[in-house]
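Next come the chains, spelled out residue by residue.
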Amino acid sequence: MGNEVTTKNTYTKKELFGYLTGMFGQNMIYQVIAAGLVSVYLGTVLYIPAGVVSAIIFAARIWDALNDPMMGTIVDRTHTKWGKCRPYLIFFPAIIGAMTILCFVNGIYTNPGASKALIIAWAAASYIIWGMLFTVCDIPLWGITSLMTEDENDRAKIIGLARMAAGVGGIGTVVSFIPDFLKGMFEGKYNAMVDGVKYTQQMANNDTKKAAWIATVVIITVVSTILFEIAGLVTRERVPGDAEDKRGIIDNFKIMWKCLPFRQILISGVLRSPLQLLMILAMPLMLYYYTDNSFNNVGNLDGGQRIIKIGIIGLAVFIPQFAAMALTPNFVKKFENKKIYNFFTVAGAVPYALIYVAYILFKGNLLSWAGVAVTAVCIALASASMGGINVMQSIMIADCVDYEEYHKGYRPDGVFFSGQSFLTKLSGGIAALIQGLVYTIVKFSDQNLDNINYKLAQGAHFYELDGGKYAAAMFFLISIPVAVGMLLSAIPMRKFAMTDAEHSRMLAELVAKREAARNGAEAAEEAIKGND
């Protein structure tokens, strides 16, 4: 629908660039944990059982999900000279960076007498603490988008670009590739005895892998933290918040639930939880199915053709997603938000379902050129739908902030954008449970995973191992549950409680009210000066 509201009270190009730079850095750090620690390091380097990893992720995500509205409450009650979101973006990125590194410094050398329970405890505690710290910045980083401008077109633009910057931050997934190439720097660095116990070659190899991982994490995290910091230093908050906010956490939970359009978005997001399986499994799927657990040797596979095939799949994942993110703000100018959201949701279910259909049709071997082509088309369409949904969700949450201000007289920026983080984390927890259940059933876990890695190192192909059941499990997880979740998530949005015309009218009145308040304050200040 066309938008009528225009205002000059908006961000500068410098602020926009600084914000997007920070978003890019933040998401690089996120990928270090999501694609590195959770998807690969805990299971395939520390050999923590899949069920235990899933339990850790689920517990951490559920706590984070509950913790998000608490942080949203704190943000909304923050009143400083920098604003209510910027203080957290200025002071916390370095702390998050340090905690990111500590998550990987776990079982730094392999001691035969070392307690697996201690390694698991470290993994659980460090991941939970990291999640809490990340929340401290994640909510303000998204919440500030509704405070940097009063123009809804500019807001749609910055949210669309923010999603793209976050997507480009997905380059942080290289954390899973680089250790293979750095292992040579650390080989032969370990003693034959550790604490008086014989140190085997297998232990030395594993510690070499750990050292390469830690070195990679330190480098990527330091760079990412510096970029993340820029968002807090460069941005400005232009939309005034409440002068005094006394609402408590329980009050804000009630606000989130009682706001009908926001409640519909929350329910829709929870039903779409399996979509997070794609994020959890992207790196393990690429590592095992497409490289047989060795990025270092991928140039020798299929006579060197495997590199091209992986590149095609990679482009199918990223390019359509970025294109959808870039185009969606333009769609918002022409079509109803609800229709765009539901189109991406329902239409996106089809290519996700077809991914597993293709796996079955090609008898488990999607590594042929035909298999790669079909998979790439399915992934491209699915990726585009995910990119569009992500942008629309953020735009519609920002609209709900205006809705609440119009009807109730306060702006719950922090609380409502904590809902976005709440959805991501709760969905991730549910997805982790689904993954853990399937991995446990097919025994892609713990010591059996060590045996799988050994067979692959001896020249076996992942798609053939044990009749292909491990590969089938991975492709099932990123296909069927996701398609079902996508279809279900459209149901709560069929009768969305706020039309675009209603939102435009409300925002126009809010902007006029703010302008009148500013003019009144300036007039009062001039009168005081005149009396002096």
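Look up a bit, the structure's there.
This one's a predicted model, so the numbers in the text were calculated from it and none came from an experiment. (Residues numbered from 1 in each chain as written. Predicted model: local features only at pLDDT ≥ 70, side-chain atom pairs only at ≥ 80, totals over all residues. Heavy atoms only, no water.)

Undergrad: Describe the overall build of the chain, with residues and values.
TA: The number of helices and strands found in the chain is 19 helices and two strands. The proportion of buried residues among the 532 residues of the chain is 58%. Partitioning the intrachain contacts of the chain with sequence separation of at least 6 by distance along the chain shows that 86% fall at a separation of at least 24. Carbon together with sulfur atoms contributes 67% to the accessible area of the chain, which is approximately 21700 Å² in total. (Helix = DSSP H or I, 4+ residues; strand = E, 2+ residues; numbered from the N terminus. Buried < 20%, exposed > 50% of the residue type's maximum accessible area, 1.4 Å probe, protein only. Contact = heavy atoms within 4.5 Å. Areas by Shrake-Rupley, 256 points an atom, 1.4 Å probe, with all protein chains shown as cover.)

Undergrad: Before we move on, could you go through the side chain of Ser394 and cite the residues and values that matter?
TA: Looking at the element boundaries, Ser394 is found in helix α14 (residues 369-408). Judged by its relative accessible area of 0%, Ser394 is buried. With residues near it in sequence (within four places) discarded, Ser394 still touches Trp142, Ile159, Arg163, Phe417 and Gln420.

Undergrad: Give me the lowdown on the packing of helix α12 (residues 305-334) against α14, citing residues and values where you can.
TA: In a packed pair of helices, the relevant descriptors are the angle between the two axes and the axis-to-axis distance. At a minimum axis separation of 7 Å, α12 and α14 run at an interaxial angle of 30°. As the angle between them shows, α12 and α14 are arranged roughly parallel. Judged by the twist between their axes, the crossing of α12 over α14 is right-handed. A breakdown of the residues in the contact of α12 with α14 according to their chemical character gives 21 nonpolar, seven polar and one charged. (Axes fitted to C-alpha atoms, helices over the stretch in contact; angles between N-to-C directions. Parallel < 35°, antiparallel > 145°, perpendicular 65-115°, else oblique. Left-handed = near helix turned anticlockwise from the far one by under 90°. Nonpolar A, V, L, I, M, F, W, Y, C, P; charged D, E, K, R; others polar.)

Undergrad: Before we move on, could you go through the pattern of salt bridges and cite the residues and values that matter?
TA: All chains considered together, the criterion is met by six salt bridges. Glu509 is paired through a salt bridge with Arg505; the nearest N and O atoms lie 3.6 Å apart. With a gap of four residues between them, Glu509 and Arg505 both fall in helix α19 (residues 500-531), about one helical turn apart. For Glu509, a relative accessible area of 38% gives the class partly exposed. On the basis of relative accessible area, Arg505 is assigned to the partly exposed category, the value being 41%. Put simply, Arg155, Asp399 and Asp402 are held in one network by salt bridges that share partners. (Salt bridge = Lys/Arg side-chain N within 4 Å of Asp/Glu carboxyl O.)

Undergrad: Which residues make up the packing of aromatic side chains, and what values go with them?
TA: Counted under the stated rule, the structure contains 23 aromatic pairs. Both rings, one in Phe104 and one in Trp213, keep their centres 6.1 Å apart while their planes meet at 15°; by these two values the pair is stacked. Highlighted residues: Phe104 in helix α4 (residues 93-104) and Trp213 in helix α8 (residues 201-234), separated in sequence by 109 residues. With respect to class, Phe104 is no different from Trp213; both count as buried. Following the ring pairs from residue to residue traces out a cluster consisting of Tyr289, Tyr290, Tyr356, Tyr359, Tyr463, Phe475 and Phe476. Sitting over the ring of Trp257, Arg263 keeps its end group 5.1 Å from the ring centre. Geometry around Trp369 places Lys309 over its ring, the cationic atom sitting 5.1 Å from the centre. (Phe/Tyr/Trp six-rings, centres within 6.5 Å; stacked < 30°, edge-to-face > 60°. Lys NZ or Arg CZ within 6 Å of the ring centre and 35° of its normal.)

Undergrad: Outline helix α10 (residues 260-271), listing residues and values.
TA: In an α-helix, one full turn covers 3.6 residues, which means residues spaced three or four apart are oriented alike. Over its 12 residues, α10 runs 17 Å from end to end, which matches the ideal 16 Å to within 8%, given 1.5 Å per residue. All of the buried residues in α10 are Pro261, Phe262, Gln264, Ile265, Leu266, Ser268 and Gly269. (Expected span 1.5 Å × (residues − 1).)

Undergrad: Which residues make up the environment of Leu118, and what values go with them?
TA: If you trace the backbone, Leu118 turns up in helix α5 (residues 116-143). Along the backbone, Leu118 and Asn106 are 12 residues apart, and their C-alpha atoms lie at a distance of 9.1 Å.

Undergrad: Let's hear about the side chain of Ser268: which residues, and what values?
TA: Residue placement: Ser268 occurs in helix α10. Within the structure, Ser268 has its side chain in polar contact with the backbone oxygen of Ser489 (distance 2.6 Å). With sequence-adjacent residues up to four places away left out, Ser268 is seen in contact with Tyr341, Ser489, Pro492 and Met493. (Polar contact = N/O pair within 3.5 Å; in protein donor to acceptor, adjacent residues only side chain to side chain.)

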